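Descriptive analysis of the structure
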Amino acid sequence: MTHLTVYHLPGRWGLPSVSPFCLKLDAFLRIVEIPHEAITAATPFGGPKGKAPWITLDGETHGDSSLIIERLKTVYSVDPDRYLSRNARGTAVTIERLIEENLYWAMVFDRWCRPENWGILKNSILGDIPQPVRALLAPFAKRSVKKQLMGHGMGLHSEAEIRAIAKRDIQALSDLLAEQSYFFGDLPSLTDATVYSLLANIYHVEFNSPMKSLIEDTQNLVPFLTRFKCAYYPESVE
Ligand SMILES: N[C@@H](CCC(=O)N[C@@H](CS)C(=O)NCC(=O)O)C(=O)O
């Protein structure tokens, strides 16, 4: 029998992981109900790409949430997107890119560059690293993330510009969801896991972020978060 072990960064505030990519993989596994062992890693350094999540599947290690999901879909013959039309499949890829290649970086900026979030970050994202290693690693991690933000380009913008960029993305998500329960109708797909994993990591966490009120302003994204959480994370519904 296939043995799957999933390695993810720590969870807080009712979320199994404070990493959107780890949470996406977890949500996918819940939607398609693949049995697995989950292990919390204090840092992403154990992964084959130096990033979390990663998995071992029958002794082989694989990194990158999207590549992992593609592999698991084949190995376990499951597909939460099986009922999507051709048009919806195209939209699913564009939403994934919006979330992971753009809006994610606005979240990274809020977590790592707002001084009021530094203490929260040290006790959550870095919270499972034992002291005094954490004290040594924290400034190094901050420099490295700031460098990534500059390389991506999000870190070159002013706070007001980042807020405006995030506002367009969040509004686009709200417009795409419209009156539906999930992004492609009544049934959840991988897109719902992807959107949930980032928005929950903005809205249901203690980090200060102007994106919280942007999400609230849409009227339909908070009910979407609640709907997904009730369906797949009932244990953390208060
Ligand atoms: N494309 C990757 C991105 C994973 C990723 O960026 N993970 C973050 C945590 S949210 C990470 O491990 N960052 C550590 C680093 O970049 O040093 C995926 O989908 O898994």
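Predicted model, so just to flag it, every value in this text is computed and none were measured.

Moving on: the site of the ligand. Surrounding the ligand, one finds 13 residues, the nearest of these being Ser19, Phe21, Pro44, Lys51 and Ser65. For the shell around the ligand, the class distribution of residues is six nonpolar, five polar and two charged.

Below, the discussion takes up unusual backbone geometry. In this structure, proline 53 follows alanine 52 across a cis peptide bond, with omega equal to 5 degrees. Structurally, proline 53 can be placed in the loop between β2 (37-40) and β3 (54-57). The omega angle of the peptide bond from glutamine 131 to proline 132 is 5 degrees, so this bond is cis rather than trans. Tracing the sequence through the fold places proline 132 in the loop between α4 (118-123) and α5 (133-152). Its identity as a non-glycine residue notwithstanding, glutamate 33 has a phi of 55 degrees, on the positive side.

This brings us to the sheet that holds β3. Pairing in this open sheet of four strands is mixed, and the strands run β2-β1-β3-β4 from one edge to the other. Taken across any chain shown, the strands that pair with only one partner, and hence form the sheet edges, are β2 and β4 (60-63). Neighbour to neighbour, the strand axes of the sheet diverge by 20 degrees on average, direction disregarded. Here strand β1 (residues 4-8) pairs with β3 via four bridges, running antiparallel. In the strand pairing of β3, threonine 5 is matched with threonine 56.

Domain boundaries assigned for the chain yield domain 1 (4-75) and domain 2 (86-232). Every contact between the two is made by 18 residues of domain 1 and, on the other side, 19 residues of domain 2. With seven residues, the single largest contributor to the side of domain 1 that touches domain 2 is helix α1 (residues 20-32).

Conventions we followed
Residues numbered from 1 in each chain as written. Predicted model: local features only at pLDDT ≥ 70, side-chain atom pairs only at ≥ 80, totals over all residues. Near = placed C-beta within 6 Å. Nonpolar A, V, L, I, M, F, W, Y, C, P; charged D, E, K, R; others polar. Helix = DSSP H or I, 4+ residues; strand = E, 2+ residues; numbered from the N terminus. Pairing = 2+ DSSP bridges. Axes fitted to C-alpha atoms, helices over the stretch in contact; angles between N-to-C directions. Domains from an automatic or database assignment. Contact = placed C-beta atoms within 7 Å.

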